[in-house]
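What follows is each chain in one-letter form.
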Amino acid sequence: MTPGSREDPFAAREVMEENAPPESPSSVLALVCGWICLAAYLWPILHALGGTYDGAMTWCLSYLFLIPAVPIGSIAAFLALTKDPVTAREVRRSKRALAMIWFPIAAMILIVFADSVRRNW
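Residues numbered from 1 in each chain as written. Predicted model: local features only at pLDDT ≥ 70, side-chain atom pairs only at ≥ 80, totals over all residues. Heavy atoms only, no water.

Q: What am I meant to see in the overall build of the protein here?
A: Looking only at helices and strands, the protein features four helices and zero strands. Going residue by residue from the N terminus, the α and β elements of the protein occur as α-α-α-α. Burial status across the protein gives 26% buried among its 121 residues. A separation of at least 24 residues holds for 75% of the contacts in the protein among residues at least 6 apart in sequence. (Helix = DSSP H or I, 4+ residues; strand = E, 2+ residues; numbered from the N terminus. Buried < 20%, exposed > 50% of the residue type's maximum accessible area, 1.4 Å probe, protein only. Contact = heavy atoms within 4.5 Å.)

Here it is, written out as structure tokens:
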């Protein structure tokens, strides 16, 4: 380009993409596990709202997915966050995955605690 003219934004983007560190698949794995956990949390709730709640069987199927997905997703998210050249996309994916995994667990603990306080009040 001539001096004083504007640079080509597409050329600058190509240079940035070439210099970006390689992404690890652990952030994607964490996000997939987060979606699996979120679906496993919502499964009994949707059955209860739909009137097809089966009690222990619904929770058993939910835990079948939660038991492996929670530790695998958490470990993968922490690995993605602690690797040396981390990209902003990996940080967003990992934080979103951790939120999808651990916020419903915290909500369940608070609901059980509030229910026990209400019953014993």
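Next comes the rest of the description.
Q: How should the pattern of salt bridges be read in this particular structure?
A: Where charged atoms from two side chains of opposite charge approach closely, those side chains can pair. Applying the stated criterion to the full structure yields three salt bridges. Residue Glu90 is joined to Lys83 by a salt bridge in which the shortest nitrogen-to-oxygen separation is 3.4 Å. Owing to a relative accessible area of 0%, Glu90 belongs among the buried residues under this scheme. With its nearest N and O atoms 2.8 Å apart, the salt bridge here joins Arg118 to Asp115. Taken together, the positions of Arg118 and Asp115, both in helix H4 (residues 88-120) and three residues apart, correspond to about one turn of that helix. The exposure class assigned to Asp115 is partly exposed, which follows from its relative accessible area of 25%. Each of the salt bridges in this network shares a partner with another, and the network as a whole consists of Asp115, Arg118 and Arg119. (Salt bridge = Lys/Arg side-chain N within 4 Å of Asp/Glu carboxyl O.)

Q: What's the story with the packing of helix H2 (residues 26-50) against helix H3 (residues 56-82) in this structure? I'm lost.
A: Two measures define how a pair of helices packs: the angle their axes make with one another and the distance between the axes. Taken N-terminus to C-terminus, the directions of H2 and H3 make an angle of 155 degrees; their axes are 7 Å apart at the nearest point. In terms of axis orientation, H2 runs roughly antiparallel to H3. Considering the relative orientation of H2 and H3, their crossing is left-handed. Looking at the contact of H2 with H3, its residues break down into 19 nonpolar, six polar and no charged. (Axes fitted to C-alpha atoms, helices over the stretch in contact; angles between N-to-C directions. Parallel < 35°, antiparallel > 145°, perpendicular 65-115°, else oblique. Left-handed = near helix turned anticlockwise from the far one by under 90°. Nonpolar A, V, L, I, M, F, W, Y, C, P; charged D, E, K, R; others polar.)

Q: Mind showing me how you'd approach the environment of Ile105 here?
A: Take Ile105: it is sitting in helix H4. When the C-alpha positions of Ile105 and Val70 are compared, they lie 10.0 Å apart, and in sequence the two are 35 residues distant. If sequence neighbours within four positions are ignored, Ile105 has contacts with Tyr41 and Val70.

Q: Please explain H3 as it appears in this structure.
A: Helical geometry: 3.6 residues make up each α-helical turn, so side chains three or four residues apart lie on a common side. For H3, built from 27 residues, the straight-helix expectation of 39 Å at 1.5 Å per residue is met to within 8% by its first-to-last C-alpha distance of 38 Å. Of all bends in H3, the biggest is about 30 degrees, found at Ala69, and the proline Pro71 comes one to four residues later. Those residues of H3 lying buried are Thr58, Ser62, Leu66, Ala69, Val70, Gly73, Ser74, Ala76, Ala77 and Ala80. Buried residues in H3 make contact with H2 and H4. (Expected span 1.5 Å × (residues − 1). Bend = angle between axes of the 7 residues up to and from the residue.)

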